[in-house]
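Coordinate analysis (summary)
Below, each chain spelled out in residue letters.
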Protein chains: 2
Amino acid sequence: MPDLPPIARKFILHWGEMGARWGINRTVAQIHALLYLSERPLHAEEICETLDLARSNVSVAVKELQGWGIVKITHLQGDSRNHFESMKDVYEMFRVITNERKRREVDPTLKLINDCLQDGGKPKASEAYVRERLESMKEFFDLAVNFSAQVDKVSTPALVKAAKMGDKALRLLGLS
Amino acid sequence: MPDLPPIARKFILHWGEMGARWGINRTVAQIHALLYLSERPLHAEEICETLDLARSNVSVAVKELQGWGIVKITHLQGDSRNHFESMKDVYEMFRVITNERKRREVDPTLKLINDCLQDGGKPKASEAYVRERLESMKEFFDLAVNFSAQVDKVSTPALVKAAKMGDKALRLLGLS
DNA sequence: CGGCTATTTCGGCTAATGCAGAAATAGCCG
DNA sequence: CGGCTATTTCTGCATTAGCCGAAATAGCCG
């Protein structure tokens, strides 16, 4: 990895590990970190050199990141190559990723649970407990989905403000 | 998988896939689903038979689940074998897992970012942008950690109530 | 202590993932 | 169309993760 300040490299490696723990390919996460820390959009070749990866590898990784919606292609004046740029606002990034995971994982899970629950057939007694547990999981996910949709409507500055209120927010809502 | 209602099997398989996408071993997640759906604690042998796994495999998987804090060992009258039982309250489960992920992943990330930022040395100009990005990521994580600590204090019923308020909660806080 | 049962650890095989390099494709001038 | 560059797809190797069965360990009576 030439050209990188040590602190950047340190972060990139760590981010790769974290990604791996969350089901994101290690190098995909590293590339994301690199782009996030980069002041300007980078083209594939630069990414290869900086992180010592094969060109083809970078191609698919970058596509993956675009799939998540946190990296975009840009073009520079008089350069035909694709340049890649990460979203820079961490809050926004979090929103985008959260929404995407909801779409990919939570929604299908809810659908499956619903399917299970309204699976016709005679309601066998042996299934009663299973259904009960599935019901309560459904309830949880329904609530979570609704709630996150609400929160998603609120602007980042407003959210930050609310988060900083700490206890006060809770008291305002009559909780705590 | 003998003995399992089809809807249970369906859910277990799905849960395994979801786990895999979140960095949890597929069979670990399956076992978790099985225990969650099970009316009574199961011993390792039962898990083996039901999910068709090797005994040793179950041993480590179950340990993993205990490590996450969502499965506990219980003992039954006159049976020396360990029996395993999943937490049943989905909300509580979510709390526990969230806290554990924070401990394992967010905290170390924050620590690393802090290390990077206060990495002495002369503040090279080339690092300025990197530092800026790290700062803003730190800010985000700090806020998230604080906020989640606040929320974690609130009882589940209170949280559910708040979540169900929908728009009203936002208006009460002066958002939206 | 010996025998029994339950659990864990270990060694090695298998399957899945990740990745490089080559080949194919696409896009762009001239 | 031909040549050039950038990108993607494909093929197969390498690494890792997952998992089984055997062996070792632990715990519990008698």
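Residues numbered from 1 in each chain as written. Chains lettered and ligands numbered in written order. Predicted model: local features only at pLDDT ≥ 70, side-chain atom pairs only at ≥ 80, totals over all residues. Heavy atoms only, no water.

**Re the domain arrangement of chain A**
For an interface, size is often stated in terms of accessible area lost upon the parts coming together. Residue and element names in this part refer to chain A. Selection criterion: As annotated, the domain borders come from an automatic or database domain assignment. Should any heavy atoms of two residues lie within 4.5 Å, those residues are counted as being in contact. Here's the idea: put two parts together, see how much 1.4 Å probe accessible area each one loses, and the total over both is what we call buried area. By definition, a salt bridge exists where a carboxyl oxygen of Asp or Glu is found within 4 Å of a side-chain nitrogen of Lys or Arg.
Its domain assignment divides chain A into domain 1 (6-86) and domain 2 (90-172). Relative to domain 2, the C-alpha centre of domain 1 lies at a distance of 30 Å. Counting from both sides, the interface comprises 8 residues of domain 1 and, opposite them, 7 residues of domain 2. Among the residues domain 1 hides against domain 2, the three largest losses belong to Tyr36, Trp68 and Ile70. Together they make up 66% of the total. The interface formed by domain 1 and domain 2 includes 0 salt bridges.

**As for the relation of the copies chain A and chain B**
Note the cut-off: For the least-squares superposition of copies, only C-alpha atoms count, and only for residues with pLDDT at least 70 in both.
Rotating chain A by 180° and moving it 0.0 Å along the rotation axis overlays it on chain B with an RMSD of 0.0 Å. Each copy turns onto its partner about a two-fold axis.

**Looking at helix 3 (residues 44-51) of chain A**
All names here are of chain A. Note the following rule: Three labels apply to residues, based on accessible area from a 1.4 Å probe with only protein chains included: buried if under 20% of the type maximum, exposed if over 50%, partly exposed otherwise in between. A run of H or I in DSSP becomes a helix once it reaches four residues, and a run of E becomes a strand once it reaches two; helices and strands are each numbered from the N terminus.
Across the 8 residues that make up helix 3, a large majority, 6, are buried. Among all positions of helix 3, only Ala44, Glu46, Ile47, Cys48, Thr50 and Leu51 are buried. Packing partners of the buried residues in helix 3 comprise helix 1 (6-21), helix 2 (26-37), strand 1 (42-43), helix 4 (55-68) and strand 3 (83-86). Among the residues trailing helix 3, aspartate 52 stands out with phi positive, at a value near 60°.

**Side note on the packing of helix 1 (residues 6-21) of chain B against helix 2 (residues 26-37) of chain B**
All names here are of chain B. Selection criterion: Convention adopted: a line fitted to C-alpha atoms gives each axis, helices being fitted over their contacting stretch, and angles between N-to-C directions are expressed from 0 to 180 degrees. Angles below 35 degrees are treated as roughly parallel, those above 145 as roughly antiparallel, those between 65 and 115 as roughly perpendicular, and all remaining angles as oblique. Whether a crossing is left-handed or right-handed is set by the direction in which the near helix is turned from the far one by less than a right angle, anticlockwise for left-handed and clockwise for right-handed.
One way to put it is that helix 1 packs onto helix 2 with a least axis distance of 7 Å and a crossing angle of 140°. One element, helix 1, and the other, helix 2, form an angle in the oblique class. Handedness of the crossing formed by helix 1 with helix 2: right-handed. In this structure, helix 1 contributes Ala8, Phe11, Ile12, Leu13, Trp15, Gly16, Glu17, Gly19 and Ala20 to the contact, and helix 2 contributes Arg26, Ala29, Gln30, His32, Ala33, Leu34 and Leu37.

**Brief notes about the interface of chain A and chain B**
So the rule is basically this: Between N or O atoms, a polar contact is any pair within 3.5 Å; within protein, one atom must be a potential hydrogen donor and the other a potential acceptor, and residues adjacent in sequence are included only when both atoms are from side chains. Charged means Asp, Glu, Lys or Arg here, nonpolar means Ala, Val, Leu, Ile, Met, Phe, Trp, Tyr, Cys or Pro, and polar covers whatever is left, Gly included.
With 62 residues of chain A in contact, the opposing surface of chain B contributes 62 residues. Carbon and sulfur atoms supply 75% of the area buried between chain A and chain B, which totals about 5900 Å² over both sides. The tally of links between chain A and chain B comes to 2 salt bridges. With a shortest N-O distance of 3.7 Å, arginine 21 of chain B and glutamate 105 of chain A are connected by a salt bridge. Applying the counting criterion to the chain A and chain B interface returns 16 residue pairs in polar contact (both at pLDDT 80 or more). For the side of chain A that touches chain B, the elements supplying multiple residues, two or more each, are helix 1, helix 2, helix 5 (90-117), helix 6 (128-153), helix 7 (156-165) and helix 8 (167-172) of chain A. A per-class count over the side of chain A that touches chain B returns 37 nonpolar, 8 polar and 17 charged.

**What to know about the protein's contact with DNA strand C**
We count it as follows: Here, proximity means that at least one heavy atom of the residue falls within 4 Å of the molecule or strand.
Taken together, 14 residues lie around DNA strand C, and Ala54 and Asn57 of chain A together with Arg55, Ser59 and Asn82 of chain B are the ones closest in. Backbone atoms, meaning sugar plus phosphate, form 79% of the atoms of DNA strand C positioned within 4 Å of the protein. Between a phosphate oxygen of DNA strand C and a side-chain N or O atom of asparagine 25 of chain A, the distance comes to 3.3 Å. Contact between DNA strand C and threonine 27 of chain A: a phosphate oxygen at 2.9 Å from a side-chain N or O atom of the residue. Mapped by element, the contributors of at least two residues to the surface near DNA strand C are helix 4 of chain A together with helix 4 (55-68) and strand 3 (79-86) of chain B. Of the residues assigned to the surface near DNA strand C, the class counts are 2 nonpolar, 8 polar and 4 charged.

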